[in-house]
Amino acid sequence: MGYCLSVQATKGIIAIHQLVLDKSFLRDIIFNKRLSHNGFFVSVINSILFLHSGPILKFVLHIPLYYTGCYLELDQWMLLLSRNGIMDLTLANSSAHRYKLPSYIYSCQELRHLKLSKCIFKPPLMFVGFRNLSILHLKKVSFVVNTFENFPLLECMTFVTCLGVQHFHICAPKLRRFTSIDTQDVRWSSFLNSPNLTLVYIALCRMGQYGQGERIDLVKLVGCLPAIVNLSLDGLFLKVSTATGSSMESVVTSYLEAPDCLDQTLDKLQTVNMKFMGSRAELLLIKLLLAHSPWLEKVSIEQSGVVDAYQGFKVSRELMRFSRASPRAEIIFLEPLQQIVR
């Protein structure tokens, strides 16, 4: 068959340690068999897994759109993997329903890499985290109850279109890269236990039910990122993080203008990328970053939405007047020409 193999020969016996049953693999077997139904998919995976002997260190599975099972087969496959030393697990679910991870997945403490798509994350009460996990990538994953986990070796975490993130609380002191795309209710307190973050990318992409509970405080967020090197924020995130009305805008602006607003230097910040909505609070945030980042090299600011040419000129002129802790700091103000209003 055409799946990826990692083999090791021991006394004449070939051991397969990696099984990559991804979209390409399924496309190949469907083309060969001219079939694309649930029973055929299950029988193929069963044949591969239950005839396998020895540990499976890496397992990649694409669950196709036409999969209509009740996930009992998938539970059995996960049980087998949990007993075979799995270290790298990817579940790419394209079926109609989210898959609730069975309890025995949370016992896989050998896991180093975990990538889940369209799953439900509901660990048992006794679960305390994955102690060896270094990479966590979650897409369309739902968190349904409050969970508090310790990931002592986690270095990279990604949320893409996830739900219920406010229920997911982790301690990850070695976290270096955090990405959140199209995910509501990311909390600034999530970063308090991650002082080694060097890259943070947050993009809301679309307006939603953001802010049900704790809203991210931009100044507190920046203040708890002493090792930040690359900070990227989109316009919607900046908008909902600074204000929902004129009175709130006034409070945020006053806070950002206070001389003791940020009492630490961002010694490692080198690049900032922002999509700019045009608010006074956004300007003050940029001013704050320029004044406290002695190693800053580039601030890229992209105007979001329709741009008034005169207003754009005023904003860019004000940006250029801000004092900078770094003599190398370059401000690049981007105005999409096709959107400029004259």
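All of these numbers come straight from a predicted model, not from anything done at the bench. (Residues numbered from 1 in each chain as written. Predicted model: local features only at pLDDT ≥ 70, side-chain atom pairs only at ≥ 80, totals over all residues. Heavy atoms only, no water.)

1. A few points about the overall build of the chain
The helix and strand inventory of the chain stands at eight helices and 20 strands. The buried share among the 342 residues of the chain stands at 48%. Per element, the accessible surface of the chain, about 16,800 Å² overall, is 55% carbon and sulfur. (Helix = DSSP H or I, 4+ residues; strand = E, 2+ residues; numbered from the N terminus. Buried < 20%, exposed > 50% of the residue type's maximum accessible area, 1.4 Å probe, protein only. Areas by Shrake-Rupley, 256 points an atom, 1.4 Å probe, with all protein chains shown as cover.)

2. Details of helix α7 (residues 280-291)
The end-to-end C-alpha distance of α7, which contains twelve residues, comes to 17 Å, matching closely the 16 Å that a straight helix rising 1.5 Å per residue would cover. In terms of residue burial, α7 counts as a mostly covered element, since nine of its twelve residues are buried. Listed as buried for α7 are Ala 281, Glu 282, Leu 283, Leu 284, Leu 285, Ile 286, Leu 288, Leu 289 and Leu 290. (Expected span 1.5 Å × (residues − 1).)

3. A look at helix α2 (residues 38-50)
Look at α2: 18 Å from first C-alpha to last across 13 residues, which is about the 18 Å you get at 1.5 Å a residue. Of all the residues in α2, the buried ones are Asn 38, Phe 40, Phe 41, Val 42, Val 44, Ile 45, Ile 48 and Leu 49.

4. A short note on the confidence of the model for the chain
Mean pLDDT over the chain works out to 80, with 77% of the residues at or above the 70 mark. Element-level mean pLDDT values for the chain span from 34 in strand β20 (residues 340-341) up to 98 in strand β6 (residues 113-117). Overall, residues 243-248 carries pLDDT values under 50, and its contacts beyond four positions in sequence, including any with other chains, amount to four contacts. Scored below 50 in pLDDT, residues 337-342 shows eleven contacts in the model against residues more than four places distant or in partner chains. (pLDDT = per-residue confidence, 0-100. Contact = heavy atoms within 4.5 Å.)

5. Points about the sheet that holds strand β7 (residues 119-121)
Spatial ordering of the open sheet is given by β5-β7-β9, a layout of three strands whose pairing is parallel. Both edges of this open sheet fall to β5 (99-100) and β9 (142-143), since each of them pairs with a single strand only. The pairing of β7 with β9 spans two bridges and is parallel. Note that in β9 the partner of Phe 121 across the bridge is Phe 143. (Pairing = 2+ DSSP bridges.)

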